[in-house]
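What follows is each chain in one-letter form.
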Amino acid sequence: MNLPSVIRKPLIAAILGALSVAVPAGALYLAGATRAVATTATRAAMTGGATGTSAAASPATPAPAAAGPATMLPDFSSMVQKYGPAVVNISVVSKVSTSWSSGDNPGDDSGDNSGDNNDNPSDSNPFGPNSPFAPFFRGLPFQMPQPQPMRGEGSGFIIRPDGVIMTNAHVVNGASEVTVRLTDRREYTAKVVGVDPKSDIAILRIPAKDLPTVRIGDSRGLKVGEWVLAIGAPFGFENSATAGIVSAKGRTLESGYVPFIQTDVPINPGNSGGPLFNMRGEVVGINSQIYSRSGGYMGVSFSIPIDVAMQVGEQLQTTGHVTRGKLGVVIQPVTQGLADSFGLPQPEGALVSSVEKGGPAEHAGIESGDVILKLNGTPLKDSSELPVQIAAIAPGTSVKLEIWRNHARREITVKLGTVADKRTAATGGPHQEGGRLGLAVRPLTAEEQDANTQGGLVVERASGPAAAAGIRPGDVVLAANGSPVHDAEELRSAVEKSKGHIALLIQRGDARLFVPVRVG
């Protein structure tokens, strides 16, 4: 049987026909599959990912050509878990005057009410005799407002296991009661060891042992752009963690003694006094202020460098107050125009606009118009650096200043003085017992004195017995138990001689009255 005869058979012919169709179709299928695999591989290479379904496939990774800054965000969870227990919530109670009441006039025994009562200081209104509200207070004698409790909250952190806590001065300043609450819900009544309003630092102590503590870092090594973490109690929500980056360093605000760290960490009321951590879990700052037009966070917050805070804190624990070096000059920034005027190669340093009479700078020969370029060999890039560095040096220390005068450099040695410390007259704060007032006072300046007020002490802070009696900042203490007082020492002496109460003659606006204060 030859091949043609076999092909002519119906069955064989059908099989051969099917094969002739199947073989080209299979070839086409295999070619298409190969093209699909190649296309998929090309797309995967372009996107840097993998499209396979194998269990052994690797996670997607960035293509080498796209190498640059790390895109992974930091994880702060372990840091919060480790150091969160060392962050405390601070609740304060203070008494403030909130209402004015009328009553019998204790200073007018003439019985004549026919005249203009605004001429009588005892009958004057609390806003002054020339205020637009004066007609509403005519005939209403002046009385002390009734003190009402005011509550506030803040944060702090434990720096020693025996109960030493650091926080902001504005959190506890003027408080009559301070309560510290730990993360395990234990509560303690805290004692205010010391307060320094200039740096906004305060030290508290609670009767506890073996407490968790934070790790203190070095804020000088902090870099702009570095991630930082804040833990505190914004709006009373305890142990809240917020994060951001360092926006700038060396910001000088109101006090001039603190080179603030600027961050974009969300800080709100209640965060004050809480710690600012770096990525190593070290405290590098204390959250203190925000820039806001609404009262809440608006993207800019400020922290006190921990180096400054610890230096202040050590002095508060040792002596209860802080001493700072004093140069005795008023300075201003050096602009490009001023640099050109004085012949400076570039705008730098601090321009002396005036020199305090009899101060350390005058004794050393510094003059108005000098530009201070270096302090102990360290260049001053900006004028704001000078007061911060001088304040950190102990009074009595001699420093070398390089100044620019008459288009030439010269060196001058200055022995620093002491910044006046407006001490509390009764040497104590709100939690110290015995015959103590709880008043921070200072003498009247020449501008503040007038015909009605000669001598006397201006109240800057009132707490404890003084606050409970209704005395408040801005009052002027004229006499104690009938004896005029001209300085804090005279007031302190009068307190020590008193038994039970001391009668303070105060002036508020144009009104005068005696206020009895319990001194124990």
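Residues numbered from 1 in each chain as written. Predicted model: local features only at pLDDT ≥ 70, side-chain atom pairs only at ≥ 80, totals over all residues. Heavy atoms only, no water.

### What about the overall build of the chain?
And then number 1: When you go through the chain residue by residue, the secondary structure sums to eleven helices and 28 strands.
And then number 2: Counting across all 520 residues of the chain, residues that qualify as buried make up 40%.
And then number 3: Taking the contacts inside the chain whose residues are at least 6 apart along the sequence as the reference set, 60% of them involve residues at least 24 apart. (Helix = DSSP H or I, 4+ residues; strand = E, 2+ residues; numbered from the N terminus. Buried < 20%, exposed > 50% of the residue type's maximum accessible area, 1.4 Å probe, protein only. Contact = heavy atoms within 4.5 Å.)

### Here we look at the pairing of strand S3 (residues 164-167)
And then number 1: Taking every second residue as pointing to the same face, both faces of S3 are buried, with Val164 and Met166 on one and Ile165 and Thr167 on the other.
And then number 2: With four bridges joining them, S3 and strand S7 (residues 201-205) adopt antiparallel strand pairing. From the neighbouring strand, Val164 faces S7, where its bridge partner is Arg205. (Pairing = 2+ DSSP bridges.)

### Re the packing of aromatic side chains
And then number 1: The full count for this structure, using the stated rule, is three aromatic pairs.
And then number 2: When the ring of Phe260 is compared with that of Phe302, the centres are 6.3 Å apart and the planes differ by 75°; the resulting orientation is edge-to-face. One end of the pair, Phe260, is in strand S11 (residues 259-263); the other, Phe302, is in strand S14 (residues 301-305), with 42 residues separating them in the sequence. Pair check on accessibility: Phe260 and Phe302 agree, each one buried.
And then number 3: Looking at Arg324, its charged tip hangs above the ring of Tyr257, at a distance of 5.1 Å from the centre. (Phe/Tyr/Trp six-rings, centres within 6.5 Å; stacked < 30°, edge-to-face > 60°. Lys NZ or Arg CZ within 6 Å of the ring centre and 35° of its normal.)

### A word on helix H6 (residues 306-319)
Residue pairs spaced three or four apart in an α-helix point in one direction, given the helix's 3.6 residues per turn.
And then number 1: Relative to the 20 Å expected for 14 residues at 1.5 Å per residue, H6 spans 20 Å between its end C-alpha atoms, a close match to the ideal helical length.
And then number 2: Count one or two residues on from H6 and you reach Gly320, which has phi positive near 85°. (Expected span 1.5 Å × (residues − 1).)

### Let's talk about the confidence of the model for the chain
And then number 1: The pLDDT averaged across the chain works out to 78; a share of 71% of its residues lies at or above 70.
And then number 2: Low confidence marks residues 97-124, where pLDDT is under 50. Its contacts with residues over four positions away, or in another chain, come to 56 contacts.
And then number 3: Scored below 50 in pLDDT, residues 422-435 makes 41 contacts in the model with residues more than four places away or belonging to other chains. (pLDDT = per-residue confidence, 0-100.)

### Thoughts on unusual backbone geometry
And then number 1: Backbone geometry at Arg185 places phi at a positive 75°, although glycine is not the residue there.
And then number 2: Relative to the helices and strands, Arg185 is located in the loop between strand S4 (177-181) and strand S5 (187-189).

### Remarks on the pattern of salt bridges
And then number 1: Tallied over the full model, the rule gives 18 salt bridges.
And then number 2: Notably, a salt bridge pairs Glu367 with Arg405, separated by 3.8 Å at the nearest N-O pair. In this pair, Glu367 is assigned in the loop between helix H8 (360-364) and strand S18 (371-375) and Arg405 in strand S20 (residues 398-405), connecting sequence segments 38 residues apart.
And then number 3: For Asp475, the salt bridge is made with Arg508, and the minimal N-O distance between the two is 2.6 Å. Taken together, the positions of Asp475 in the loop between helix H10 (464-468) and strand S25 (476-480) and Arg508 in strand S27 (residues 501-508) put the pair 33 residues apart, joining distant regions of the chain. With respect to burial, Asp475 and Arg508 carry one shared label: buried.
And then number 4: Look at the salt bridges and you will find they share partners, linking Glu153, Arg181, Arg185, Glu187 and Glu238 into a network. (Salt bridge = Lys/Arg side-chain N within 4 Å of Asp/Glu carboxyl O.)

### Examining helix H11 (residues 488-497)
And then number 1: For H11, the set of buried residues is Leu491, Arg492, Ala494 and Val495. Each buried residue of H11 sits inside an arc of 160° when the element is viewed along its axis, so together they form one side. The exposed set on the far side of H11, more than 90 degrees from its buried face, consists of Glu489, Glu496 and Lys497.
And then number 2: Of the surrounding elements, those touching the buried residues of H11 are strand S24 (457-462), S25 and S27.
And then number 3: The backbone nitrogen of Glu490 has a side-chain oxygen 2.8 Å away, supplied by the residue at the start of H11, namely Asp487. (Arc of directions from axis to C-beta. Polar contact = N/O pair within 3.5 Å; in protein donor to acceptor, adjacent residues only side chain to side chain.)

### Considerations on the environment of Arg280
And then number 1: With respect to the element layout, Arg280 can be found in the loop between strand S12 (275-277) and strand S13 (282-290).
And then number 2: Judged by relative accessible area, which is 52%, Arg280 ranks as exposed.
And then number 3: On a C-alpha basis, the gap between Arg280 and Gly217 in space is 8.8 Å, while along the polypeptide they are 63 residues apart.
And then number 4: Polar contacts involving the side chain of Arg280 include one to the side chain of Glu282, which spans 3.4 Å.

### Description of the side chain of Thr167
And then number 1: Within the secondary structure, Thr167 sits in strand S3.
And then number 2: Residue class for Thr167 comes out buried when judged on its relative accessible area of 0%.
And then number 3: At 2.6 Å, the side chain of Thr167 forms a polar contact with the backbone oxygen of Ser155.
And then number 4: Sequence-distant contacts of Thr167, that is, excluding residues within four places in its chain, are made with Ile90, Ser155, Gly156, Val172, Asp200, Ile201, Ala202, Leu204, Ser272 and Gly273.

### Considerations on a nonpolar patch on the surface
And then number 1: Residues Leu73, Trp227 and Met279 make up a contiguous nonpolar surface patch of about 310 Å² in total accessible area.
And then number 2: On the secondary structure map, Trp227 appears in strand S9 (residues 227-232). (Patch = residues over 30% accessible without salt bridge, like charges linked within 9 Å, V, L, I, M, F, W, Y side chains within 5 Å. Areas by Shrake-Rupley, 256 points an atom, 1.4 Å probe, with all protein chains shown as cover.)

### Structural notes on the pairing of S13
And then number 1: Of all the nine residues making up S13, seven are buried; the element is thus mostly covered by neighbouring parts of the structure.
And then number 2: In the sheet, strand S8 (residues 215-216) pairs with S13 via two bridges, with the strands oriented parallel. Among the inter-strand pairings, Ile216 is bridged to a residue of S13, identified as Val283.
And then number 3: Here S12 runs beside S13; their pairing, made up of three bridges, is antiparallel. Its bridge partner lying in S13, Pro275 is registered against Ile286.
And then number 4: Hairpin geometry of S12 and S13 is characterised by an intervening segment of four residues between the two adjacent antiparallel strands and by a positive phi of about 80° at Gly281.
And then number 5: The pairing of S13 with S14 spans five bridges and is antiparallel. Counted as the bridge partner of Ile286 is Ile304 from S14.

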